[in-house]
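A structural walkthrough
Here are the chains, one letter per residue:
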Amino acid sequence: MTKKLLMGNEAIAHGALEAGVAVVAGYPGTPSSEIVETVARQYARGAAHGVHVEWSTNEKVALEMLFGASLAGVRGLFTCKQMGLNVASDALMSLNYVGVRGGLVLVVADDPGPISSQTEQDTRRFASFAKVPVLDPSTPEQAYEMVKAAFDLSERYETPVIVRPTTRIDHASAFFDVQEETHALPPLDGGFQYDPSRWVIFPRRAYEAHGEINERLPLIAETFSSELPFSAFNAMEEAGESFTGQPTFGILAGGITAAYVREALRMINERAAQANIGVPAYRFMQVGTPYPFPERAIDAFTTGLADVLVLEELDSVLEDQLAAFCGRMHGAFNIHGKETGAARDRGENDVDDILARIERFLGLTGRLSLYRFRGNSDYGARSIHLSARAETDLPDRPPVLCAGCPHRGAFYAVKQALGGRQAVLCGDIGCYTLGNAHPLDALDTCLCMGGGITMAQGIAVANPEKKAIAYVGDSTFFASGETGLSNAAYNGHDITVMVLDNATTAMTGDQPHPGTGHTLMGADNKPLSIEACLRANGFTLIERTNAFDRDASVAAVGKALDFEGPSAVIFEGACIQLVKPKEPVIINNEICTGCKRCITAIGCPAISFNPNLTGPRSRDRGQATIDKALCTGCGLCTQVCPFHAIHMDSAVYRGAPMFVTAASQTVDEALADQELAAQREPGRLAETVVDARAESKARAGAHVSREALEDDAARMQAYASAAPASEEAVAVGEVAAEDAEEVLEETLEPGGTLEEVGERAEEQQQALAAEEQQAWIYDGDDDGPPTLFSAFDATDGEGGRND
Amino acid sequence: MINVMLTGVGGQGTVLASKILAQAAQDKGWHVRTAETIGMAQRGGSVVSHVRMGDRGEEVFSPLIPKGSADMIIAFEPAEGARMLPYLAPHGMLVSATTGIPSVSSALGQNPYRGAQVIAALADAFADAPERLVIVPDAAILKRVGNSRVLNTVLLASAIAVDFLPITLDDLYGAVEVCVKPAYIDMNLQAIDLTLG
Ligand code: SF4
Ligand code: SF4
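Residues numbered from 1 in each chain as written. Chains lettered and ligands numbered in written order. Predicted model: local features only at pLDDT ≥ 70, side-chain atom pairs only at ≥ 80, totals over all residues. Heavy atoms only, no water.

Quick word on the overall build of chain A
Short version of the rule: By the criteria applied, helices consist of DSSP H or I runs no shorter than four residues and strands consist of E runs no shorter than two, each listed in order from the N terminus. Type-normalised accessible area, obtained with a 1.4 Å probe on protein chains alone, sets the label of each residue: buried when under 20%, exposed when over 50%, and partly exposed for intermediate values. In this description, contact between two residues means that some pair of their heavy atoms is separated by no more than 4.5 Å. What sets the accessible areas is the Shrake-Rupley method with a 1.4 Å probe; for residues, cover comes only from the shown protein chains.
Of the regular secondary structure elements, chain A holds 28 helices and 24 strands. Looking at the 803 residues of chain A, the share that counts as buried comes to 57%. Of the contacts formed within chain A by residues at least 6 apart in sequence, a portion of 78% connects residues at least 24 apart. Looking at chain A as shown, the accessible area adds up to about 32600 Å², and 52% of this sits on carbon and sulfur atoms.

Listed below in structure tokens is the structure:
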């Protein structure tokens, strides 16, 4: 069998499948999502026999579903990220009292840092609060072993078991031998067994069950101390100078930190050997089973120690338990850790920090530093630093909404529609949380899954003078949005919910959800309708709009904001990861004025500013430029540029004189103005204008001809004068139509086809870029760094590196 | 132990490159660990992949490279390479693409970011050890290849071609064939050849 490179999460999935898991369920969340995805992939390949795998609507649903499967006698795997367990905790707390039948393992991924989370909560702490055993791997290999062992433990003690990897386990890879095919175990004893005295939790039963839990935990602690494979997760080693006899220094570590400690200890020993310095004798132990605390193994570890350094991430879970143990046993050792300032109180650990702390603990600080850098050679050996100036000039690069993201249009439309009105914009969890960044500045709050809808209600009650707006994504909507909706309708809260429907769970890697209907088992069920759910939850004003259509979106939001009571706008636009990108847009550098409006309004990462680009209207200001590799052709920027310098889909305009595009924009705007006017005066005008607009758009999509546009303009005028509309609407329509005419008259100056203009801009760009790169391409003199090409030249005949 | 850090901007393909390196090391019988940036940062943020290889038969414990110990940093974007310099070992080499990727925050600022400025700053920083900085004219090579998606292979080929790591081009060919989707293998092998001129 060839070994495969597997990420920790993939290895966990394989471990569960090899343990005969029959039902796998969870809700996506970084860093846990790849576990369920791997099971689904194995199932789709036909390699995971007898397994059912699903993305449930949320974590609580998943865990309850799995508990049903457990009572029905099969093994179940639950996965989520740390905050997901908060959602599932209602089920967890009680099901531990009821007890499991088929093994029930919860893989809950913690996220020290945090790297992609709202909290740094510690699931080991949660496990002890819930009185559920927890395993804590230090490598992907251990995670794989632990998941298998966890199923056995679960069935043996009829307890749920938590395995708690962290990001650096989940997303680290190593090579594994895994089974090609796996088979789910059949249900125990013919499936569900009727026994209401066990499966129905009641106060009396809970009291008994609590006693059973209290009895089994010490037994499990004993198993952890003395039985394989668990005792191997609590392995101990001794090293350092033997002549000092018994070690008095002890290092206790958990999770990935144990791997950092191993690395740091190796570095210390290597350097000490080089420096001919003795390392004091020490004992090191990993605690792979933090709860219940494996006291007998800990007892063996602490024997004879005078000082113990506890290294762990997140909370001081090992440290606190060690302190309690020490107190109870009247231990004579000092404990150093988070609580004493001897370790980081939060965030991730790393080898560098652990190394420094262990050196200090062992009294080696400063003695090994000379030997710190032992390279493969002394090849120009010295550390390289950027100048301070260059360092501060490095561009910040926080995550941003992707180029072509539909949420950008939604955020922009809401801001436009609000105008000067005061509002509080309540955000939620998902890609759209990134909308809080400059320049969109689209979110004022963000709390937890579904929390935007409900927070907005509190804001509406407390500050009725402000518009209370909630954003929610489609997956989040189904996960935990709906109870908040019914509350708004029931209690009559005046909020507007902006549903950002991108047809996927994007942030975590595009998982399907109830609104898509796709399932991991391959079947496509009828997608649930967000609109129908809103309606069922008492929302009466619901607008749907295309997130990329600025005018339509602004109008939709305006309508919803004007409505008193709960209202909603559903922005539709697929995540860019789901659809094939369209042709990138082109900035016409004959028109771009360099005003930067396209950048400051929407901050699309595909638009940047090149101060060296020149054009007739931008002179030496520079111009905006499009990264063709990133641009998806969503067209939002074309509606933002006040000079209509950005054009969509060059194919549409191929061969057409460039002025047509400007005119078509104006006709479009005229139509949009009329539409807005028509909304204020519902009636025939609204219908005819909307029809005409749709038609005009359709034609623009097919091929724009000057005649067609003239036609449009004429029809606009006809509508404006003939329709029985308000004076205001007629006036707006007339002005707009006149504008359209004017543009048609004015833009006779030939600028070449748009394609030609685009090509010219492109050429200018490429010339500039080539100039920049040219400076670094080897030109024969030996000063300055080599480029790849010159490195080859220099090594010719020497067959070695360029030294 | 050989530590290679791959750094760039979310979406540039560092993950596949780190897989290919890991595969090459595995094929040589070394113990390997890698770590990836997955999550929010993939949305156009800075991403880093760590590849650690026990070339002397040693076991790799931590998946993350400690500061000052990367034998090589392969930068898919010059500013990202510059950002990671504290990880470079005192003998380590930086192999960097030339093309800068502007960030939204820099586009909003007064001085838009240009890759060339960073390359100049890097040249300064390496002034005393110029042989430890290799600048890859990625735009020119990608133009030759005719497909911008193979940037990762181009950079890997460059990194191996300078003959600093104990990994050969043959190792690279072999690993590409294992790691890359069958439909793209030829394109990637061709990219290696075109990188080498
Ligand atoms: S069309 Fe404009 S807004 Fe849309 S992705 Fe391209 S540059 Fe960005
Ligand atoms: S494309 Fe339009 S909005 Fe952007 S800088 Fe040029 S003129 Fe201004």
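Moving on, there is more to tell.
Observations regarding the pattern of salt bridges
Applied cut-off: For this analysis, a salt bridge means a side-chain nitrogen from Lys or Arg found within 4 Å of a carboxyl oxygen belonging to Asp or Glu.
Summed over the entire model, instances satisfying the criterion amount to 41 salt bridges over all chains. Salt-bridge contacts for A:Glu141 lead to B:Arg33; the nearest nitrogen and oxygen are separated by 2.9 Å. In this pair, A:Glu141 is assigned in helix H6 (residues 140-157) and B:Arg33 in strand S2 (residues 31-35), connecting two distinct chains. For A:Glu222, the salt bridge goes to A:Arg296, with nearest N and O atoms at 2.6 Å. Placement of A:Glu222 in helix H9 (residues 203-226) and of A:Arg296 in helix H12 (residues 295-302) is noted, with a sequence separation of 74 residues between them. Among the residues examined, A:Arg296 registers a relative accessible area of 47% and is labelled partly exposed. Salt bridges sharing partners connect three or more residues here, namely A:Asp110, A:Asp122, A:Arg124, A:Asp136, A:Arg164 and A:Glu312.

Quick word on helix H6 (residues 151-161) of chain B
With eleven of eleven residues buried, H6(B) is to be regarded as a mostly interior element. A positive phi of about 60° marks B:Asp163, the residue just after H6(B).

As for the sheet that holds strand S18 (residues 495-501) of chain A
All names here are of chain A. Quick reminder of the rule: A pair of strands is labelled paired if DSSP reports no fewer than 2 bridges between them. Each axis is a line fitted through C-alpha atoms, taken for helices only over the stretch in contact, and angles between the N-to-C directions span 0 to 180 degrees.
Across the sheet, which stays open at both edges, the five strands sit in the order S16-S17-S18-S20-S19 with parallel pairing between neighbours. Each end of this open sheet is capped by a strand with a single partner; those strands are strand S16 (423-426) and strand S19 (541-546). The average undirected angle you get between the axes of adjacent strands in this sheet is 20°. As defined by bridge partners, strand S17 (residues 467-473) adjoins S18 across six bridges and the pair is classed as parallel. From the neighbouring strand, Tyr471 faces S18, where its bridge partner is Met498. Running over the sheet, helix H17 (residues 451-462) touches S16, S17 and S18 and is turned about 175° from S17. Lying on the sheet, helix H18 (residues 474-491) is in contact with S17 and S18; it crosses S17 at an angle near 145°.

Focus: the domain arrangement of chain A
Residue and element names in this part refer to chain A. Condition: By convention here, the domain bounds are inherited from an automatic or database domain assignment. Summed over both partners, the accessible area lost on bringing two parts together, with a 1.4 Å probe, is the buried area. Polar contacts, as counted here, are pairs of nitrogen or oxygen atoms within 3.5 Å of one another; within protein the pair requires one atom able to donate a hydrogen and one able to accept it, and residues that are adjacent in sequence qualify only if both atoms are side-chain atoms.
Domains assigned within chain A are domain 1 (4-226), domain 2 (235-369), domain 3 (406-572) and domain 4 (586-663 + 702-750). Taken residue by residue, the interface counts ten residues in domain 3 and twelve residues in domain 4. With both sides pooled, the region where domain 3 packs onto domain 4 buries about 890 Å², and carbon together with sulfur makes up 59% of that total. The three residues of domain 3 that bury the most area against domain 4 are Arg408, Tyr412 and Phe548, which together make up 59% of that side's buried surface. Where domain 3 touches domain 4, the interface holds zero salt bridges. For the interface between domain 3 and domain 4, the tally reads four residue pairs in polar contact (both at pLDDT 80 or more).

Observations concerning the state of the cysteines
Joining two cysteines, a disulfide is a covalent bond between their sulfur atoms. All names here are of chain A. Rule in force here: The disulfide criterion used throughout: a pair of cysteine sulfur atoms within 2.5 Å.
Applying the stated rule across the entire model yields zero disulfides over all chains. Not engaged in a disulfide, the cysteine Cys575 finds its nearest cysteine sulfur in Cys431; these two sulfurs lie 6.4 Å apart. Looking at Cys575, the relative accessible area reads 7%, which means it is buried.

Structural notes on the interface of chain A and chain B
Contacts between chain A and chain B engage 81 residues on the former and 89 residues on the latter. Taking both sides of the interface into account, the surface hidden between chain A and chain B amounts to around 7100 Å²; carbon and sulfur atoms contribute 62%. Across the chain A-chain B interface, the total number found is 14 residue pairs in polar contact (both at pLDDT 80 or more). At seven residues, the largest contribution of residues to the side of chain A that touches chain B is made by helix H11 (residues 256-275) of chain A.

Observations regarding the confidence of the model for chain B
Residues and elements named next belong to chain B. What counts here: Per residue, pLDDT captures the predictor's confidence, and it can take any value from 0 to 100.
Looking at chain B as a whole, its pLDDT mean stands at 91, while 100% of the residues score no less than 70. Of all helices and strands in chain B, the one with the weakest mean pLDDT is helix H3 (residues 104-108) (82), whereas strand S4 (residues 70-75) scores best (97). Scoring of the predicted complex yields 0.85 for pTM and 0.95 for ipTM.

With respect to the sheet that holds strand S8 (residues 161-163) of chain A
Strand pairing in a sheet relies on backbone hydrogen bonds. The paired strands run either parallel or antiparallel. Residue and element names in this part refer to chain A. With respect to topology, six strands assemble into an open sheet ordered S4-S2-S5-S6-S8-S7, the strand pairing being parallel. This sheet does not close on itself; its edge strands, each paired only once, are strand S4 (52-55) and strand S7 (134-135). The sheet contact formed by strand S2 (residues 23-26) and strand S5 (residues 76-81) spans four bridges and is parallel. Its bridge partner being in S5, Val24 is matched across the sheet by Leu77. Packing against the sheet, helix H2 (residues 34-44) makes contact with S2, S4, S5 and strand S6 (104-109), and its axis sits at approximately 135° to S4.

Details of the packing of aromatic side chains
All names here are of chain A. Using the following cut-off: Here a Phe, Tyr or Trp ring, Trp counted by its six-membered ring, pairs with any other such ring whose centre lies within 6.5 Å, and the pair is stacked when the planes are under 30 degrees apart, edge-to-face when over 60, and tilted otherwise.
Inspection of every chain in the model, using the stated rule, returns seven aromatic pairs over all chains. Seen from their ring centres, Phe224 and Phe230 are 5.4 Å apart, and the 45° between their planes marks the pair as tilted. Across the pair, Phe230 and Phe224 agree in class, each one buried. Ring centres of Phe477 and Phe478 lie 5.3 Å apart, and the angle between their planes is 85°; this geometry places the pair in the edge-to-face category. Three or more aromatic residues link up through ring pairs in this structure, and these residues are Phe224, Phe230 and Phe233.

Details of the environment of A:Ser618
All names here are of chain A. Within the secondary structure, Ser618 sits in the loop between strand S22 (607-610) and strand S23 (623-626). Under the relative-accessibility criterion, Ser618 is labelled buried at 0%. Note: C-alpha distance between Ser618 and Leu265 (353 residues apart in sequence) is 61 Å. When residues no more than four places from it in sequence are discounted, the contact partners of Ser618 are Cys592, Thr593, Gly594, Leu613 and Gln623.

Concerning the side chain of A:Thr505
All names here are of chain A. You can see Thr505 is positioned in the loop between S18 and helix H19 (530-536). On the basis of relative accessible area, Thr505 is assigned to the buried category, the value being 9%. Polar side-chain contacts of Thr505 include one of 3.0 Å to the side chain of Ser475. Reaching out from Thr505, the side chain makes a polar contact with the backbone oxygen of Gln511 at a distance of 2.9 Å.

Let's talk about the nonpolar core
Side chains that are nonpolar tend, in soluble globular proteins, to be buried together. Residues and elements named next belong to chain A. Stated precisely, the cut-off is as follows: In plain words, nonpolar cores are sets of buried Ala, Val, Leu, Ile, Met, Phe, Trp, Tyr and Cys residues tied together by side-chain atoms within 4.5 Å.
The biggest cluster of nonpolar side chains holds 67 residues, and the ones touching the most others in it are Leu77, Val261, Leu311 and Ile358. Considering every element that reaches this core, the biggest residue donor is H11, with eleven residues. The residue makeup of this core includes at least three contributed by each of domain 1 (4-226) and domain 2 (235-369).

Topic: unusual backbone geometry
All names here are of chain A. Of the consecutive residues Thr30 and Pro31, the connecting peptide bond is found in the cis state with omega at 10°. Mapped onto the elements, Pro31 comes out in the loop between S2 and H2. Residue Pro292 follows Tyr291 across a cis peptide bond; omega there is -5°. The topology assignment puts Pro292 in the loop between strand S13 (282-286) and H12. One non-glycine residue, Asp441, lies in the positive phi region at around 45°. Mapped onto the secondary structure, Asp441 falls in the loop between S16 and H17. Of note in the backbone geometry, His644 takes a positive phi value of approximately 50° without being a glycine. Its location among the elements puts His644 in the loop between S23 and strand S24 (646-647).

Some points on the pairing of strand S6 (residues 133-136) of chain B
All names here are of chain B. Burial along S6 is two-sided: Leu133 and Ile135 and Val134 and Val136, pointing in opposite directions, are all buried. Where strand S5 (residues 88-97) lies against S6, four bridges are found, and the strand directions are parallel. In the sheet register, Val95 faces S6, and the bridge partner there is Val134.

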